[in-house]
Amino acid sequence: SGRGCVVEVPMFESVVAFNLIEHFYGQHFVPPKSAIGYGRAMAKWRRPLPTADGYLCVMPYTDPHWRAFFDVAGAAAYLEDPRFLDIGTRTSHVIELYEIIAGLVREKPTSFWMEALAAREVPCAPVIGLDALLDDPHLAETGFFQTVETPAGTLRYPGVPVLFDGERPQPGAPPHLGEHSRAVLAEAGFDEADIAALLASRAARQA
């Protein structure tokens, strides 16, 4: 028909929809088969885990992942534990399982886990502190942080995370108080005499 489409993205509904992908859980059924909230995701140790010198995110899922993790951790005895033999038994004992992982991860530094687990294709990533973001190699390579020259000096901004045709939009410095008063008032229909009166009375500010 050639009609344009109006797209609305309400924040509250968007956040609820995202979080309930997992957490609606047994509430999909009528009547419900469980309380709301996915127990696996809400387990105490389902979080970044302290290593000997930092923090690590690690999330084995498949049988090969778990075999590789326990092998790397030097805890092969858990491979024969009936609680952890397959996805069904692991799910039933997931809280104990995550607590065991936390205890093992604490014993070695983050670099050990990253190298050993990545080599075995176990999903993992280091937890990066705020200070480290400023010198992060990936962010530096992608030109994430950008600078803007302003009358107040050089300002640095976090970049726009979305690329348009492979390009990151250049940020602009925020205007000073009253910097655009004349243009905004003129666009709103005020003539020069009205604008001058507003500025003189300080009902409007000018930079």
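Our subject is the structure that appears above.
Residues numbered from 1 in each chain as written. Predicted model: local features only at pLDDT ≥ 70, side-chain atom pairs only at ≥ 80, totals over all residues. Heavy atoms only, no water.

Our focus in this paragraph is a nonpolar patch on the surface. A surface patch of nonpolar side chains, about 290 Å² in accessible area, is lined by Ile128, Leu130 and Leu133. Assignment of secondary structure puts Leu133 in helix α7 (residues 130-133). Under the relative-accessibility criterion, Leu133 is labelled partly exposed at 30%. (Patch = residues over 30% accessible without salt bridge, like charges linked within 9 Å, V, L, I, M, F, W, Y side chains within 5 Å. Areas by Shrake-Rupley, 256 points an atom, 1.4 Å probe, with all protein chains shown as cover. Salt bridge = Lys/Arg side-chain N within 4 Å of Asp/Glu carboxyl O. Helix = DSSP H or I, 4+ residues; strand = E, 2+ residues; numbered from the N terminus. Buried < 20%, exposed > 50% of the residue type's maximum accessible area, 1.4 Å probe, protein only.)

For the structure on display, the rule yields four salt bridges. Between Asp81 and Arg83 there is a salt bridge whose closest N-O contact spans 2.7 Å. The closest approach of N and O atoms between Glu192 and Arg182, which form a salt bridge, is 3.1 Å. Here the residue Glu192 occupies a position in helix α10 (residues 192-201), and Arg182 occupies one in helix α9 (residues 181-187), the gap between them amounting to 10 residues. Glu192 gets classed as exposed once you look at its relative accessible area, which sits at 54%. The exposure class of Arg182 is partly exposed, given its relative accessible area of 35%.

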